[in-house]
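Chain by chain, the residues:
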Amino acid sequence: MASTIKKPLNPRFQLLISIALIVGVVILTLCLFWYRATLGPFFVSLLVITLASFLLLLILRHFLLIWFSYLHQRELAYEEVLDRYPFVSIIVPAFNEAEVIQASLASLLELRYPYYEIIAVDDGSSDGTYEKMREFEGNHYGVRVQVFRKENSGKADTLNYGIRRSRAPIVVCMDSDSRLTPDALRYAVRHFHDPNVGAVAGNVKVINRHNIWTKLQALEYIEGLNIVRKAQAFFRTVNVIPGPIGIFRRSAVEASGGYSSDTFAEDFDMTVKILAEGWRINYEPKAVAFTEAPEELLDIIKQRYRWSRGILQALRKQKHLLTRSSGTVTTPMSLWYMIFEGLIWPAMNIFANLFFVWIALLYGMTKLLVLWWLLLTVLDLLVAIHAILMEKEQLSLAPYAVFYRFFYILIIDVTKVFATLEELIGLDMSWGKLARKGRI
Amino acid sequence: MRFDWVNILATVIFVSIVVTLILAVASYFAYKVREARRPKTAAELRQEGQVKVFFDQYQPK
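Residues numbered from 1 in each chain as written. Chains lettered and ligands numbered in written order. Predicted model: local features only at pLDDT ≥ 70, side-chain atom pairs only at ≥ 80, totals over all residues.

## Side note on the overall build of chain B
Part 1 of the argument: When its secondary structure is counted, chain B shows two helices and zero strands.
Part 2 of the argument: Here chain B holds 61 residues, and 15% of them are scored as buried. (Helix = DSSP H or I, 4+ residues; strand = E, 2+ residues; numbered from the N terminus. Buried ≥ 20, exposed ≤ 12 C-beta atoms within 10 Å, placed from the backbone.)

## Observations concerning the overall build of chain A
Part 1 of the argument: In terms of regular secondary structure, chain A is built from 13 helices and nine strands.
Part 2 of the argument: A buried classification covers 44% of the 440 residues belonging to chain A.
Part 3 of the argument: Looking at chain A alone, contacts between residues at least 24 apart form 84% of all its contacts between residues at least 6 apart. (Contact = placed C-beta atoms within 7 Å.)

## Overview of the pairing of strand β5 (residues 170-173) of chain A
Residues and elements named next belong to chain A.
Part 1 of the argument: On β5, burial covers both faces: Ile170 and Val172 on one face and Val171 and Cys173 on the other are all buried.
Part 2 of the argument: Where strand β1 (residues 88-94) lies against β5, four bridges are found, and the strand directions are parallel. Of the residues in β5, the one forming a bridge with Val88 is Ile170.
Part 3 of the argument: Alignment of β5 against strand β8 (residues 246-249), held across four bridges, turns out to be antiparallel. The residue of β8 that forms the bridge with Val172 is Ile247. (Pairing = 2+ DSSP bridges.)

## Points about the sheet that holds β1 of chain A
All names here are of chain A.
Part 1 of the argument: Reading across from one edge, β3-β4-β2-β1-β5-β8-β7-β9-β6 is the order of the nine strands in this open sheet, with mixed pairing throughout. Edge positions in the open sheet fall to β3 (138-140) and β6 (178-180), since each of these has one partner strand only. Taking the axes of each pair of neighbouring strands and ignoring which way they run, one obtains an average angle of 30° across the sheet.
Part 2 of the argument: Its contacts with the sheet place helix α3 (residues 101-108) against β1, β2 (116-122) and β6, and it is angled at close to 15° to β6.
Part 3 of the argument: Helix α5 (residues 155-164) rests against β1, β2, β4 (143-149) and β5 of the sheet, and its axis sits at about 150° to β1. (Axes fitted to C-alpha atoms, helices over the stretch in contact; angles between N-to-C directions.)

## Overview of the environment of Glu75 of chain A
Part 1 of the argument: When you line up the elements, Glu75 of chain A lands in helix α2 (residues 41-75).
Part 2 of the argument: In the structure, Glu75 of chain A is positioned 13 residues away from Val88 of chain A in sequence and 25 Å away in space, judged by C-alpha atoms.

## Details of the packing of helix α10 (residues 297-317) of chain A against helix α11 (residues 330-363) of chain A
Residues and elements named next belong to chain A.
Part 1 of the argument: One way to put it is that α10 packs onto α11 with a least axis distance of 11 Å and a crossing angle of 145°. In this structure, α10 meets α11 at a crossing whose hand is left-handed. On α11, the residues touching Ser308, Ile311 and Leu315 of α10 are Leu335, Met338, Ile339 and Gly342. (Left-handed = near helix turned anticlockwise from the far one by under 90°.)

## Considering the confidence of the model for chain A
As a general rule, the predicted coordinates of low-pLDDT regions are not to be interpreted in detail.
Residues and elements named next belong to chain A.
Part 1 of the argument: Chain-level statistics for chain A give a pLDDT mean of 84 and a share of 89% at 70 or above.
Part 2 of the argument: Between the elements of chain A, mean pLDDT differs from a low of 70, seen in helix α1 (residues 11-34), to a high of 96, seen in β5.
Part 3 of the argument: This model gives residues 1-6 a pLDDT under 50, and the stretch forms six contacts once residues within four places in sequence are excluded. (pLDDT = per-residue confidence, 0-100.)

## Some points on the confidence of the model for chain B
Part 1 of the argument: On average, residues of chain B score 75 in pLDDT, and 59% of them reach the 70 mark or higher.
Part 2 of the argument: Overall fold confidence for the complex sits at a pTM of 0.84, while the interface term, ipTM, reaches 0.79.

## Observations concerning the pairing of β1 of chain A
All names here are of chain A.
Part 1 of the argument: Of all seven residues in β1, seven are buried; the element is thus mostly enclosed.
Part 2 of the argument: Of the two faces of β1, the one holding Val88, Ile90, Val92 and Ala94 and the one holding Ser89, Ile91 and Pro93 are both buried throughout.
Part 3 of the argument: Sheet topology note: the β1/β2 ladder contains seven bridges and is parallel. Among the inter-strand pairings, Val92 is bridged to a residue of β2, identified as Ala120.
Part 4 of the argument: With α3 bridging β1 and its parallel neighbour β2, the resulting β-α-β unit is right-handed. (Right-handed = clockwise from strand over helix to strand, strands pointing away.)

## Quick notes on α10 of chain A
Part 1 of the argument: For α10 of chain A, which comprises 21 residues, the first-to-last C-alpha distance of 30 Å matches the rise-based estimate of 30 Å (1.5 Å per residue) to within 8%.
Part 2 of the argument: Three or more residues of α10 of chain A are buried, namely Ile300, Ile301, Lys302, Tyr305, Trp307, Ser308, Arg309, Gly310, Ile311, Leu312, Ala314 and Leu315 of chain A.
Part 3 of the argument: Considering only its buried residues, α10 of chain A is in contact with α7 (212-234), α9 (266-276), α11 and α13 (401-424) of chain A together with α1 (5-37) of chain B. (Expected span 1.5 Å × (residues − 1).)

Below is the structure:
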């Protein structure tokens, strides 16, 4: 893809802009507290109504997600057994993944699927990834492993390189730090029985549940991400096919022009392009991929910063789809939902928290504050238990729901808001690869 | 002495929200500083059109 190289800003200057943004937002927030004397009862009532609407919206969102995810779960209750399984190519792109690549490839050789091949592509690594991949090259009880090496050009280009070398009608794109469960393919492939389905999103789970951050992320993947995908799958319009496990109909990938390198969320960009072509996208909860989640707060921020800006970049690129679509009417709806979840909701959440603190300080409405906290915590706990039971996950994750909204999501939302501001002013960014601990 | 649990709980919630917000902003700031200090990888330099050259190649005359 042709792209113009923009001269990047000096890193110190970029940092100064970021600091100016942070200071600006903090000052604006403090202004809210400072202006308390000038606010009349009408304005306070208006704010209370806004907050009540926010709570109502939150409850409605939770209710709809639970209801539609339940309906999708019911659809999957019967297991459709295919009489013939299609040939599948698994594309494994890797860049400096020496710590995890062998465990990942070994897990792929244990899949319970009759007819598949593995195409591993090294994206110009410098840590010996290619040499470790080469040890797997060859035929393993009917599974052919091909290993390629190319100059470094990014994940999107590496996936396209692998797809071009595959001749299978179904292509699985995954991350090299992911591990698929043995039945993942068998369950995912059954959805392609429907000729309108262009892709299937898999179920991503956190493997390294060692500390509070990874446990909160494990809960987030179950409660926050998978339940949304499940609800969207009821309408066959899943709006993010996750990087660790995405199963595609080859013709859908070709029709959409393959992965693009011009955003930092190539998986979201690809999903939008497939939806735009009129394909349906389903979700398979039993197609599980385990992934290594960042274990430190700054690494989580780094990952979420990239996701937020990448999603915005892809939305900007495909903004024409917000109003019209060559596909179904649900495509624009799905994109609007993404804007709501990615941009509007985080800002509303921060605002709601600040506002409740503000009125508690100003008017001493401690009962209201406690009631609000209790309501949201009970709601989060119920949704967490529901999601955990549906996924047959560890019930010990449920208590983390108490810290989920008021601690974890608040931190993530602050990152999302700053990332959005930086994307809007067009600050440079780099991919920023996460250091892996080799937990898979 | 009778404890007012509502007030105590409200204080705990209030303090935790404020501390979390401060932590969130401070962590974001720390992340930006860390990223600015991080040396660029060869791939990033190439993307920006810069070539990482440590030594000039010796050309025998």
